[in-house]
Amino acid sequence: MSTDFQTAREALGARLRELRADACLEGKDLAAQLGWQPSKVSRLQSGKQTPSAEDLTAWAEAVGRPDVAHELHGLLAGLEMKHRSLRRTLSAGQHARQELAIAETSATREIRAFEVARIPGLLQTPEYARSVFEATAEFRQIPRSIDEAVASRIRRQEALYQPGKSFTFLVSEGALFIRLCSLEVMAAQLDRLYNVVGMASVQLGVIPLGAQLRRTPAHGFWIYDRRLVIVETISEELWLDGDADIALYERAWDWLTEAAAYGRDARRLIGRARASLKSP
């Protein structure tokens, strides 16, 4: 669980404890009034359990402050933005998550994306995207809405050609060699990347193997304008919108770009990966 998420949950718990204390109620008395176990009150106040919206409404009414329910719901919404279970997000299949990505992309003028081990979704060919979605569906054991997910991912790429938008992508050179697909599909994907270099709205940087970095990247991340960072781990998806979080990821971005190759040098690295494949 993320530190950012836990800190936000503890802050919400502290607010609940403050409201209970202001009402001159002991924890056990509040629990009795709500029909809860005392341990639930304790866990909510200490930030060890995430409350539901109904829990917060009941708490506000029990302490005689129904007017703060809206505030508490806002804190919960911010909490949920920091921590999303990918199993819950993808429970209806990957198509819905791609539609959400389309909406975020549409609302954003500048996207900066870094990927360690795969090609960024906005630059994927349909066949490469299909391989990614198939592997994800199998690994996460979720509905296989593959055709719909691929179609949505390709539709999202229309943003690359819209005036007023800019995109900068950083990929580790290792991502050019890691294959989730056949040789033929990977070759076509690398050809696609080679041709992306030089697009008016797109800047593509490749971090060479052996490059000296000020900090090694632990995972990929996407920065939407200066308002949102999205990070995907194996089990979670973090939506970070706090100023401190955004500043931290922007610093990570700046440090990574120091080692990246662009333009002709990026094409050389892509060509090297392409040449390592047997000609399809």
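Here's what I pulled together on the structure shown here.

1. Here's the deal with the packing of aromatic side chains
At step 1: Using the criterion set out here, one finds five aromatic pairs in the structure.
At step 2: With 6.2 Å between their ring centres and 45° between their planes, Trp36 and Trp59 make a pair best called tilted. Pair noted here: Trp36 is in the loop between α2 (27–34) and α3 (38–46) and Trp59 is in helix α4 (residues 53–62), with a separation of 23 residues, a long-range link.
At step 3: Given the relative accessible area of 16%, Trp36 is considered buried.
At step 4: Plain terms: the ring middles of Phe221 and Tyr249 are 5.1 Å apart, the flat faces sit at 65° to each other, and that makes the pair edge-to-face.

2. Re the pattern of salt bridges
At step 1: The tally for this structure, following the rule as stated, stands at 18 salt bridges.
At step 2: The salt bridge partner of Arg65 is Asp67, with a shortest N-O separation of 3.0 Å.
At step 3: Among the residues examined, Asp67 registers a relative accessible area of 52% and is labelled exposed.
At step 4: In this structure, the salt-bridge partner of Glu250 is Arg226, at a minimum N-O distance of 2.8 Å. Here Glu250 is found in helix α11 (residues 243–257), whereas its partner Arg226 is found in the loop between β5 (221–224) and β6 (228–232), with 24 residues between them in sequence.
At step 5: Put simply, Glu110, Arg112, Arg226 and Glu250 are held in one network by salt bridges that share partners.

3. Some remarks on the packing of α2 against α4
A pair of packed helices is captured by two measures, namely the crossing angle of their axes and the spacing between those axes.
At step 1: Between α2 and α4, the least distance of the axes is 10 Å, while the angle of their chain directions is 115°. Taken together, the axis directions place α2 and α4 in an arrangement best described as roughly perpendicular. Note that α2 runs across α4; the crossing there is right-handed. Of the residues in α4, those in contact with Leu30, Gln33 and Leu34 of α2 are Ala58, Trp59 and Ala62.
At step 2: When the residues that make up the contact of α2 with α4 are grouped by side-chain class, the tally is five nonpolar, one polar and no charged.

Rules and cut-offs
Residues numbered from 1 in each chain as written. Predicted model: local features only at pLDDT ≥ 70, side-chain atom pairs only at ≥ 80, totals over all residues. Heavy atoms only, no water. Phe/Tyr/Trp six-rings, centres within 6.5 Å; stacked < 30°, edge-to-face > 60°. Helix = DSSP H or I, 4+ residues; strand = E, 2+ residues; numbered from the N terminus. Buried < 20%, exposed > 50% of the residue type's maximum accessible area, 1.4 Å probe, protein only. Salt bridge = Lys/Arg side-chain N within 4 Å of Asp/Glu carboxyl O. Axes fitted to C-alpha atoms, helices over the stretch in contact; angles between N-to-C directions. Parallel < 35°, antiparallel > 145°, perpendicular 65-115°, else oblique. Left-handed = near helix turned anticlockwise from the far one by under 90°. Contact = heavy atoms within 4.5 Å. Nonpolar A, V, L, I, M, F, W, Y, C, P; charged D, E, K, R; others polar.

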